[in-house]
Amino acid sequence: MSIPEIKLIFDEPIQRKKVPKHLADYSPSERREVAKSFGLPAFRATQVATHYFSHLSDDPQTWSDIPADVRQSIADQLTPKLIELVRSVTCDDGMTRKDLWKLHDGVLVESVLMRYSDRVTVCISSQAGCGMNCPFCATGQAGLTRNLSAGEITEQIVAAARACARGELPGGPIRLSNIVFMGMGEPLANYNAVMRTVRNITDPSPDGLGISARSVTVSTVGLVNGIEKLTEEGIAVTLAVSLHTPDDELRETLVPINSRWNIKEVLSAADAYEKRTGRRYSIEYALIRDINDQSWRADLLGRLLKNRNAHVNLIPLNPTPGSKWTASRREDEAEFVRILEGYGVPVTVRDTRGREIDGACGQLAAAEKISAD
Ligand code: SAH
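Computed from a predicted model, the values in this text were never measured in an experiment. (Residues numbered from 1 in each chain as written. Predicted model: local features only at pLDDT ≥ 70, side-chain atom pairs only at ≥ 80, totals over all residues. Heavy atoms only, no water.)

Engineer: What is the right way to read the overall build of the chain from this model?
Structural biologist: Across its full length, the chain holds eleven helices and twelve strands. Taking 2.2 N^0.38 as the reference for a compact globule, 373 residues should give roughly 21 Å; the C-alpha atoms of the chain span a radius of gyration of 21 Å, in line with that estimate. In terms of overall dimensions, the chain has a C-alpha envelope of 70 × 40 × 40 Å along the principal axes. The buried share of the chain, reckoned over its 373 residues, is 56%. In the chain, once contacts between residues fewer than 6 apart in sequence are set aside, the share between residues at least 24 apart is 68%. (Helix = DSSP H or I, 4+ residues; strand = E, 2+ residues; numbered from the N terminus. Rg over C-alpha atoms; globule rule 2.2 N^0.38 Å. Buried < 20%, exposed > 50% of the residue type's maximum accessible area, 1.4 Å probe, protein only. Contact = heavy atoms within 4.5 Å.)

See the structure below:
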């Protein structure tokens, strides 16, 4: 299999039509400068951030600490609407909801909300499409359209927090508890926007949502330069590495970026992250029938991970259009788990939430054309 050319440059300027700037694109001190650049007092930035992040308000007419006649114009300047809901589809009696969003230039992305008994997780997109080309993932098939801005990523999270607070999911109002960068895109290939978003999530009110870093998961195909940068940030998010096989030969076909950074390099970068942050990392492993689910591979993975502070998430392969691959047999999955446990490696088999609505891992494609457009 030939290795597709992969763009590795951080934050390359591939955005064609400029995305409107939003306060979520800036640090708290920059937000004050931006307010001043609009001829506003700096404190307006803090007031608007409070309405946005703390009150989750999208109705400027309720912003009573700002004069009525300028509320709308200030809202338009600092919090322009960056994402527009096209459609929501639900399953699991409404406990799983996939939202399709249209960005200002017509580009489509998806996010998925999942309510559990004690928490709600939102899975968000960091890019429209993805340039990593993993053949079993639907998002990779159409290639990368563009990076999302921090504002566009943050808007997905704030929309999810609003939906939770307003009791849109069955079971009544609840606080959004977890954010996973496991939707469309490779988060570490859009590093600056993703890090700004992580700070918007973790900064306490009024600068951000005040959700703890440990509730945030950044999942990567294994961009070692990105993992190294993340290590330097000193912010302890959960790192997930999409490994999918313990041997380089197969990994080069499943995760083509392996030709740039191999398994040894990826795991040692993850180890350094763990050492610096004290956070156990996750190894993501989609079990593909007769491709990567043999007991010898489980054995090799067990040996690779037994002395590492890592947890394995086995994901039964979710079907994607045009792929001939399918999920492992139940007995092979059980044997894989048994072998890993024999090495003392913590392992869980991920549920297949959202599969019926093409909202599970690797199924987000946002390919639907909008007939009502
Ligand atoms: N680009 C990042 C984040 C997005 S994918 C990454 O690869 O980690 C989130 C997870 O879903 C990854 O572990 C990915 O490998 C996995 N995945 C992709 N396609 C899948 C499929 N068809 N079935 C199950 N998991 C899949």
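Engineer: It is not clear to me how the site of the ligand should be interpreted in this structure. Could you clarify?
Structural biologist: Neighbouring the ligand are 20 residues; F136, S219, S242, H244 and N318 lie closest to it. For the ligand, an oxygen atom lies 3.3 Å from a polar atom in the backbone of T220. Contact distances for the ligand include 2.6 Å between an oxygen atom and a side-chain N or O atom of H244. Calculation on the ligand without its partners gives an accessible area of 530 Å², and the protein chains cover 96% of this total. (Near = heavy atom within 4 Å. Polar contact = N/O pair within 3.5 Å; in protein donor to acceptor, adjacent residues only side chain to side chain. Areas by Shrake-Rupley, 256 points an atom, 1.4 Å probe, with all protein chains shown as cover.)

Engineer: What exactly am I supposed to notice about empty space enclosed by the protein here?
Structural biologist: Where empty space is left can be seen by rolling a probe of water-molecule size over the atoms. Scanning all chains against the criterion turns up one cavity of 30 Å³ or more. Its boundaries defined by the atoms lining it, the largest cavity holds a volume of some 490 Å³. C137, M182, S242, H244 and G362 are, among the 32 residues lining the largest cavity, the residues nearest its centre. Residues of the lining of the largest cavity, tallied by class, amount to 17 nonpolar, twelve polar and three charged. (1 Å grid on protein atoms, 1.4 Å probe; cavity = no way out; pocket = protein on both sides within 12 Å on 5 of 7 lines; lining within 4 Å. Points joined across faces, edges and corners; volume = space filled by probe spheres on them. Nonpolar A, V, L, I, M, F, W, Y, C, P; charged D, E, K, R; others polar.)

Engineer: Got a minute to help me understand helix α5 (residues 150-165) in this structure?
Structural biologist: Because each turn of an α-helix spans 3.6 residues, side chains separated by three or four positions in sequence point in the same direction. Over its 16 residues, α5 runs 22 Å from end to end, which matches the ideal 22 Å to within 8%, given 1.5 Å per residue. Just downstream of α5, G167 is the residue with a positive phi angle, here 70°. (Expected span 1.5 Å × (residues − 1).)

Engineer: What is the right way to look at unusual backbone geometry in this model?
Structural biologist: Most peptide bonds are trans, and most residues other than glycine sit at a negative phi. For the bond running from S205 to P206, omega is 5°, close enough to zero to count as cis. Looking at the element boundaries, P206 is found in the loop between α6 (191-202) and β8 (216-220). For D93, which is not glycine, the phi dihedral falls at a positive 55°. Relative to the helices and strands, D93 resides in the loop between β1 (83-91) and β2 (96-103). Among the residues examined, D93 registers a relative accessible area of 75% and is labelled exposed. We note that N133 has phi near 65°; this positive angle belongs to a residue other than glycine.

Engineer: Even after reading the chapter, I still don't get the nonpolar core, so can you show me in this structure?
Structural biologist: Soluble globular proteins tend to bury their nonpolar side chains together. With 112 residues, the main nonpolar core has L113, L176, I179, F181, I283 and V312 as its most contacted residues. The leading source of residues in this core is α5, at nine residues. Two domains each donate at least three residues to this core, and these are domain 1 (23-78) and domain 2 (82-372). What L113 contacts, discounting residues up to four positions off in sequence, is M95, T96, R97, V120, T121, V122, A160, A163, C164, L169 and L176. (Core = buried A, V, L, I, M, F, W, Y, C linked by side-chain atoms within 4.5 Å. Domains from an automatic or database assignment.)

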